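Now for the letters of each chain:
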Amino acid sequence: MPFVHFQVQWSGLRPHGLIRLASAGAIAAFVACTDVDRTVAPAATATQDTTRVGLHRPLATDPGPLGSYTLTTPPDNVHATAWTSTGITIPPSVPIKVTISGTLTFTTNPAYLPCRGFDPGLPPWGSTLGPNGGTASPHDFRVHLSLTQNGNDVTNYSPSDQGADPVAGYFIVGGQFTLWTARPDTYGDICGTNPEWFISGSQTVSAEVLAPPVVTPDKNPAVPGDTVSFTVTVPWAASDTVTGGWQWIPDSAGAPNAAVVRGCGASSTCSYVIYGKGHAQVNGIIAQGMSLSATSPVIAIAVPTLKVTAAPTSVTPNGSVTFTASVTPTSASWSISSWTWTPDSGSGGISPNNCTAAEKTCTRTLSLSGWMKATAVIGTYTRTDSTHVSVVPCLTHVDGMDDSRIRAAVKNYVASSVANQLESQFFVYYDSSTNGYGFVDLPSDSASVCLASWHPPAPSGYPGRRPVAFFHVHPDHVGDIYYCPSDHRYEKAGGGFSKKDYSTYVTLQALPDYQTAGWTHFDFWVADEDFIYRLTPGAKLGSETRLNSTEFEWSGGTCKW
Amino acid sequence: MQVVNDRVPRAQRIVLWILAGLLTFFPGGRTASAQSGGCDTVLDDVYYYIDSLYTTVATDSANTRRELLGIPRLTQDQVGFVTDSATCNQAAAAYTLAENDSTNHQVYVFRLGSTRYLVVDRKKYGGEWLISWLFDASFTPIARLGT
């Protein structure tokens, strides 16, 4: 006799169907697939929320798993798997992905043949069936998901074929719900207590919160007048489209409106010229059937700075120097409007020509010491900076000593000391803010041709500066005979360091406030009318080096300063 | 030159004054015989300073400074420290005579080759300079050097 397969008409199913219809309207208002935008907080905001009041407990809306639930085989191998709560709470307004994995396996019941008198073979889908259920409608043994008991399906699955395993679906809801699941539609016959097939296997429902779309700027911070380009991406979607457009939202008052430069609209990129702090918002980002919104991080506004440097900072005449202008923040768009060369004395001194506005880095030959100044336009700002370059007859490669201004100070101090027949001293420092050297006079409490008393400078008076050297002047030529008042005698200038000079250097290095301030590595230079002598720190106090070397014949020889 | 460091706390200054006073009345390392002049047997940092300085100057091939000071060019082993008491006494007497004072100077005596002696009293300063006398081989004064 012909065998006709039939749907099990389970009488208990009918009232449930009515409840489904009744609840469908209520749920529909909360379920959004493509129609309602749900603003998704920017990633930065979400991160802030998870760390509040010292508790690092992720919020339910943070990306990550929400839970899972396993559906066992249909009761008696034939009946529906009743609606049951998965216990998984679905948070509102965040993209949700549900994954159903696992198959049901069908094997013929040997007791069915003798009971019914024919071999049923396998069901239409064969021996296994995925979460989509059978292809016929209603879909036999399909795993349904709803936000209420007996409710409408919350999402469709993909892939959609009956053998697919796993399958996934996406949705957003407007309120907080519990996820329910069931296999309401069944297939198969029971002969007495003997089902056609034994069904084995299980299917697991897993839910997770997906990460929000990301709007990434190409720079942050930016300077006013700068162009900032944004790109929207949905990390978990193979493709996405923008349907709701872009919007610049100011986060500070008073700045001119941002202007669209390119993209925006339905593009996945958008560029604005901005003049104040703010962020970009993208609406109607369609991904996996959901409509999402996203915002960029707040673009901070930075006041730009321009820095001009020279390398090297000291050269011999006609030496080559490379000038470089750079801007902070480095991401800012900017241009040079002019370079200005100003020699310390006279005119010219640079060849073959001054640097041009087309060059952010330029290399020139110098024959005079002087200042190079650059003027740059950075967004709505105009900034200038300058750097000094020394051209000296010869290079010593000693910190500070190849600076033409320090050399001039040495000449002036020696000339003045000789004229007055008084010892003198000054202090050479490096200033990190100007990347240059300077000097400070250290006046004597008392001074003669053979002795000077003075107070060491306090580090607190020189923030941002580090000592390079203390410079002490003996106003004589080596071998000069002079009258020393404190000794009431004549003596012959021996040149170099006196024993007290050496002791002074050791004392300076050991001063507690110098140690505290990190003023521990500096030279001690002595100049007379012929030579410069240099003491440098040793590994420890008392092991200073170069004690006796005649370092530079600065006023004669082959390199007269 | 000398640094005036007035940031030393008052209490520390008092201690330093007391120590200075004790050193004045009970100078360590000195012998009774040394009190009468002759070799200074205390080889402190002044000794090493002078030894190092004049060895460098005397052996410096760049002769400007050396010649200005009237020192012949020597090899390192031609610079020697004299410790025999007869020479020291002679040097100390010459130093006292050259200084025209009545002090019994204890001195360091350095032989600079065969023609020069450098004699130094480590306590004798002129301004910031140690006073050393350059003598010839017979202790005739050549120059009073600020060192």
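Residues numbered from 1 in each chain as written. Chains lettered and ligands numbered in written order. Predicted model: local features only at pLDDT ≥ 70, side-chain atom pairs only at ≥ 80, totals over all residues. Heavy atoms only, no water.

Undergrad: What should I look at first to understand the pairing of strand 39 (residues 532-535) of chain A in this one?
TA: Residues and elements named next belong to chain A. Where burial is concerned, the two faces of strand 39 agree: the one with Ile-532 and Arg-534 and the one with Tyr-533 and Leu-535 are both buried. Of the pairings in the sheet, the one linking strand 38 (residues 523-527) to strand 39 comprises four bridges and is antiparallel in character. Bridge pairing in strand 39 links Val-526 to Tyr-533. The antiparallel pairing of strand 38 with strand 39 creates a hairpin that spans four residues between the two strands. (Buried < 20%, exposed > 50% of the residue type's maximum accessible area, 1.4 Å probe, protein only. Helix = DSSP H or I, 4+ residues; strand = E, 2+ residues; numbered from the N terminus. Pairing = 2+ DSSP bridges.)

Undergrad: Can you help me understand the sheet that holds strand 7 (residues 128-129) of chain A in this one?
TA: Sheet strands associate in pairs through backbone hydrogen bonding, adopting either a parallel or an antiparallel arrangement. Residues and elements named next belong to chain A. If you trace the three strands from one edge of the open sheet to the other, you get 7-6-13, paired in antiparallel fashion. Strand pairing shows two members of the sheet lacking a second neighbour, strand 7 and strand 13 (197-200), which therefore form its edges. Both strand 6 (residues 104-108) and strand 7 contribute to a ladder of two bridges, which runs antiparallel. For Thr-105, the partnering residue across the bridge sits in strand 7 and is Thr-128.

Undergrad: Please clarify how the nonpolar core should be interpreted in this entry.
TA: General note: in soluble globular proteins, nonpolar side chains tend to be found buried as a group. With 42 residues, the main nonpolar core has Phe-427, Phe-470, Leu-508 and Phe-524 of chain A together with Ile-50, Ile-71 and Leu-118 of chain B as its most contacted residues. The element best represented in this core is helix 2 (residues 45-59) of chain B, accounting for eight residues. Ignoring anything within four residues of it in the chain, the contact list for Leu-118 of chain B reads Ile-50, Tyr-54, Tyr-108, Val-109, Phe-110, Leu-112, Ser-132, Trp-133, Leu-134 and Leu-145 of chain B. In terms of nonpolar packing, the next biggest core, distinct from the first, is built from 27 residues, Leu-210, Ile-285, Ala-287 and Met-290 of chain A among them. (Core = buried A, V, L, I, M, F, W, Y, C linked by side-chain atoms within 4.5 Å. Contact = heavy atoms within 4.5 Å.)

Undergrad: What am I meant to see in the interface of chain A and chain B here?
TA: When the parts of a complex come together, some accessible area is lost, and that lost area is often used as the size of the interface. In this assembly, 44 residues from chain A lie in contact with 34 residues from chain B. Summed over both partners, the interface of chain A with chain B comes to about 3,400 Å²; 52% of that surface belongs to carbon and sulfur atoms. Counting across the chain A and chain B interface gives five salt bridges. Salt-bridge contacts for Arg-144 of chain B lead to Asp-487 of chain A; the nearest nitrogen and oxygen are separated by 2.5 Å. Summed over the shared surface of chain A and chain B, the number is 18 residue pairs in polar contact (both at pLDDT 80 or more). The set of elements that each furnish at least two residues to the side of chain A that touches chain B consists of strand 34 (452-454), strand 36 (481-484), strand 37 (489-493), helix 5 (499-510) and helix 6 (512-517) of chain A. If you tally residues by element for the side of chain A that touches chain B, the top one is helix 5 of chain A, at six residues. Grouping the constituent residues of the side of chain A that touches chain B by class yields 20 nonpolar, 14 polar and 10 charged. (Buried area = accessible area lost by both parts, 1.4 Å probe. Salt bridge = Lys/Arg side-chain N within 4 Å of Asp/Glu carboxyl O. Polar contact = N/O pair within 3.5 Å; in protein donor to acceptor, adjacent residues only side chain to side chain. Nonpolar A, V, L, I, M, F, W, Y, C, P; charged D, E, K, R; others polar.)

Undergrad: Please explain the packing of aromatic side chains as it appears in this structure.
TA: By convention here, two paired aromatic rings are described through the distance between centres and the angle between planes. Tallying each qualifying case throughout the model produces 43 aromatic pairs over all chains. An angle of 70° between the planes, with centres 6.0 Å apart, marks the rings of Tyr-505 of chain A and Phe-522 of chain A as edge-to-face. In this pair, Tyr-505 of chain A sits in helix 5 while Phe-522 of chain A sits in the loop between helix 6 and strand 38, placing the two residues 17 residues apart along the sequence. The two residues Tyr-505 of chain A and Phe-522 of chain A agree in class, both being buried. When the ring of Tyr-117 of chain B is compared with that of Phe-139 of chain B, the centres are 4.5 Å apart and the planes differ by 10°; the resulting orientation is stacked. Of the two residues, Tyr-117 of chain B is situated in strand 5 (residues 116-126) and Phe-139 of chain B in the loop between strand 6 (129-136) and strand 7 (141-146); the sequence distance between them amounts to 22 residues. Taken individually, Tyr-117 of chain B and Phe-139 of chain B each receive the classification buried, so the pair is uniform in this respect. (Phe/Tyr/Trp six-rings, centres within 6.5 Å; stacked < 30°, edge-to-face > 60°.)

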